[in-house]
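Analysis of the macromolecular model
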Amino acid sequence: MKKIILVLVVIAVSVGAIGYYLWNKPSEFVSDGKPDFQIPLIELTNDGKNLSDSIFGTKYVGKAIQFDAEVESVVDNKGSKTFTLKTNDDDMVVNAGFHESISNKLTKIVAGDKVKLQCDCSGVTKPESEDDLLSEIEINLTRCNLIK
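Residues numbered from 1 in each chain as written. Predicted model: local features only at pLDDT ≥ 70, side-chain atom pairs only at ≥ 80, totals over all residues. Heavy atoms only, no water.

**So, the pairing of strand 5 (residues 114-125)**
Rules: Strands are treated as partners if at least two bridges between them are detected by DSSP. Numbering goes from the N terminus for both helices and strands, where a helix is a DSSP run of H or I of at least four residues and a strand is a run of E of at least two.
The pairing of strand 2 (residues 64-77) with strand 5 spans seven bridges and is classified as antiparallel. Opposite isoleucine 65, over in strand 5, you have cysteine 119 as the bridge partner. Of the pairings in the sheet, the one linking strand 5 to strand 6 (residues 137-146) comprises seven bridges and is antiparallel in character. Residue cysteine 121 lies in a different strand from strand 6, and its bridge partner there is leucine 141.

**Some words on the layout of surface pockets**
Summary: where empty space remains is shown by rolling a probe the size of a single water molecule over the atoms. Quick note on the threshold: Within this scheme a cavity is a closed region of a 1 Å grid, computed over the protein atoms alone, that accommodates a 1.4 Å probe without allowing it to escape, whereas a pocket is open but has protein on both sides within 12 Å along at least five of seven lines; lining residues each have an atom within 4 Å of a point. Grid points are joined across faces, edges and corners, and a volume is the space filled by probe spheres set on the points.
Quantified by volume, the largest pocket comes out at close to 160 Å³. In this structure, the largest pocket is lined by Pro40, Leu41, Ile42, Thr45, Ala69, Glu70, Lys86, Thr87, Asn88 and Lys114. Among the secondary structure elements, those contributing two or more residues to the lining of the largest pocket are helix 2 (41-50) and strand 2. Here the lining of the largest pocket takes three residues from helix 2, the largest share from any one element.

**Details of the side chain of threonine 87**
This is how it is decided: A simple rule labels every residue: compare its accessible area, found with a 1.4 Å probe on the protein chains alone, to the largest value its type can have, and call it buried under 20%, exposed over 50%, or partly exposed in between. Whenever two N or O atoms come within 3.5 Å, that pair is a polar contact, provided that in protein one can donate a hydrogen and the other can accept it, and provided that, for residues adjacent in sequence, both atoms are side-chain atoms. A contact between two residues is defined here by any heavy atoms of the two lying within 4.5 Å.
Here threonine 87 shows up in the loop between strand 3 (80-85) and strand 4 (92-98). Judged by its relative accessible area of 9%, threonine 87 is buried. Separated by 3.2 Å, the side chain of threonine 87 and the backbone oxygen of methionine 92 make a polar contact. Setting aside chain neighbours within four positions, we find threonine 87 in contact with Thr45, Met92 and Val94.

**With respect to the packing of aromatic side chains**
Stated precisely, the cut-off is as follows: Each Phe, Tyr or Trp ring, with Trp reduced to its six-membered ring, pairs with another whose centre is within 6.5 Å; inter-plane angles below 30 degrees give stacked pairs, above 60 give edge-to-face pairs, and intermediate values give tilted ones.
Evaluation of the coordinates by the stated rule reveals three aromatic pairs. Judged by centre distance (4.9 Å) and plane angle (45 degrees), the ring pair of phenylalanine 56 and tyrosine 60 falls under tilted. Here the residue phenylalanine 56 and the residue tyrosine 60 both occupy positions in helix 3 (residues 53-60), the gap between them amounting to four residues, near one helical turn. Residue tyrosine 60 is classed as buried on the basis of its relative accessible area of 0%.

**A look at the side chain of threonine 45**
In this fold, threonine 45 is placed in helix 2. Looking at threonine 45, its side chain comes within polar contact range of the main-chain oxygen of isoleucine 42, at 2.9 Å. Discounting residues that sit within four places of it in the chain, threonine 45 has contacts with Thr87, Met92, Val94 and Ile139.

**A word on the packing of helix 2 against helix 3**
What counts, and what does not: In this description, a line fitted to the C-alpha atoms serves as the axis of each element, helices being fitted only across the stretch in contact, and the angle between N-to-C directions of two axes falls anywhere from 0 to 180 degrees. Three residue categories are used. Nonpolar comprises Ala, Val, Leu, Ile, Met, Phe, Trp, Tyr, Cys and Pro, charged comprises Asp, Glu, Lys and Arg, and polar comprises the others, including Gly.
Orientation of helix 2 relative to helix 3, taken along the N-to-C sense of each, is 145 degrees, at an axis distance of 8 Å. Here Glu43, Leu44, Asp47 and Gly48 of helix 2 lie close against helix 3, whose contacting residues are Phe56, Lys59 and Tyr60. Looking at the contact of helix 2 with helix 3, its residues break down into three nonpolar, one polar and three charged.

**Quick word on the pairing of strand 4**
Taken across its seven residues, strand 4 has seven buried, putting it largely inside the fold. Where strand 3 and strand 4 come together, five bridges link them in antiparallel fashion. The partner of phenylalanine 83 across the bridge, within strand 4, is alanine 96. As consecutive antiparallel partners, strand 3 and strand 4 are separated by six residues, and within that stretch asparagine 88 has a phi angle of approximately 60 degrees, a positive value. Sheet topology places strand 4 next to strand 6; five bridges connect them, and they run parallel. Paired with asparagine 95 across the strands is asparagine 140, a residue of strand 6.

So far we have only geometry, and geometry alone does not tell us how the molecule works.
Written out as structure tokens, the structure reads:
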């Protein structure tokens, strides 16, 4: 009888420890931890313009990038938010996407605010030819996290 109680106690403690770990596990919806790159946004945009898609992708896609930026506009997408960041280049657009789970941290952010972000880069989109009507180069950042 004592062995059965001991086994049940061990199982209960194990289940409790696993539950505690999963409850406190960091969110998969934001980029946190040590970034792969801490660079100025201008360096990222220059690389987006000057490097080929494959070289840019190899260097940045899937990597965590931390940088300071100025918010140009804020778009609310049913809970999740997207910031368009100011680049001082009419041919360059940088979009930073945030998951709805951190929207409460973003409520006071408006156009013109300076922020520090950490995001995962999901790639660069360039026009296929110079004759395209959409001639903007677009860098998309996902899983963004507001650092300050």
